[in-house]
Amino acid sequence: MTTLRWCLLFMLKYPHVLRRVQVEIDDVIGRGRLPCMADQDNMPYTRATIAEVQRVGNIVPLNLKHSTTAEIELGGYVIPAGTTVIANLTAILNDPKYFPEPEKFRPERHLDERGDFVQNEALIPFSIGEIT
Ligand code: HEM
């Protein structure tokens, strides 16, 4: 719900993006049927827009709290077992190394030169790792 609200807001703010998404929806799905997962491969701009909404919307900025089950060394730091770890998803989703000019809402950043959707490894709005 929160992501959908961000999406509506961005579509109002960036009508040129809205128009391109609408054209793609009309071309690929049309008005006579419901969308299906197979459509996704033919809708790179819409996928890219959803990816950018998730990146900028950033609805769980500090993830959920996790804790280490065993001592681990990370980046030269030793983290003891049982330490609470808070992953700063905001920092990752706005890292200019992965998302140049991160403050800009720009779906094209998720497309390659042929216009195909590219999964950016730093796009982790759902966090990473396993839940055990
Ligand atoms: C775009 C929408 C959503 C985003 C970006 C999102 C993001 C997240 C994130 C970042 C976490 C923490 C993961 C972690 O601790 O590693 C999480 C956990 C969770 N989410 Fe979502 N979520 C979304 C939608 C939903 C929906 C629709 C549901 C339920 C219908 C849901 C249910 C849960 C539950 C139950 C957890 C806790 C899992 C656990 O730690 O056991 N989420 N979500």
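Since we're looking at a predicted model, the values are computed, not measured.

*Asks:* Explain the site of the ligand here, please?
*Replies:* If you check the shell around the ligand, you find nine residues, and the closest are Thr3, Val60, Leu64, Pro125 and Ser127. Its residues placed into classes, the shell around the ligand shows six nonpolar, three polar and no charged.

*Asks:* Whenever I open this one, unusual backbone geometry confuses me. Can you help?
*Replies:* A positive phi angle is found at Asn63, which is not glycine, with a value near 60°. With respect to the helices and strands, Asn63 occurs in the loop between helix H3 (44–57) and strand E1 (66–67). Residue Asn63 is classed as partly exposed on the basis of its C-beta count, with 19 C-beta atoms lying within 10 Å. Even without a glycine there, the phi angle at Glu101 is positive, about 50°. With respect to the helices, strands and loops of the structure, Glu101 is situated in the segment after helix H4 (89–93). By C-beta crowding, Glu101 is classed as exposed, having 8 other C-beta atoms within 10 Å.

*Asks:* What's the story with the UniProt feature "signal peptide" (unreviewed entry) in the protein chain in this structure? I'm lost.
*Replies:* As annotated by UniProt and renumbered to match this structure, "signal peptide" (unreviewed entry) occupies residues 1–19. With 89% helix and 0% strand, residues 1–19 has end C-alpha atoms that lie 22 Å from one another.

*Asks:* Help me understand the packing of helix H1 (residues 2–13) against H3, please; the structure alone is not making it clear to me.
*Replies:* For any two helices packed against each other, one specifies the crossing angle of their axes together with the interaxial distance. In contact at an axis separation of 9 Å, H1 and H3 are set at 105° when each is read in the N-to-C sense. Judged on the interaxial angle alone, H3 and H1 are roughly perpendicular. Side by side, H1 and H3 meet where Thr3, Trp6, Cys7 and Phe10 of the first sit next to Val53, Gln54 and Gly57 of the second. Taken together, the residues that form the contact of H1 with H3 break down as four nonpolar, three polar and no charged.

Reading the values: the criteria
Residues numbered from 1 in each chain as written. Predicted model: local features only at pLDDT ≥ 70, side-chain atom pairs only at ≥ 80, totals over all residues. Near = placed C-beta within 6 Å. Nonpolar A, V, L, I, M, F, W, Y, C, P; charged D, E, K, R; others polar. Helix = DSSP H or I, 4+ residues; strand = E, 2+ residues; numbered from the N terminus. Buried ≥ 20, exposed ≤ 12 C-beta atoms within 10 Å, placed from the backbone. UniProt positions renumbered as here; feature names shortened; annotations may be inferred. Axes fitted to C-alpha atoms, helices over the stretch in contact; angles between N-to-C directions. Parallel < 35°, antiparallel > 145°, perpendicular 65-115°, else oblique. Contact = placed C-beta atoms within 7 Å.

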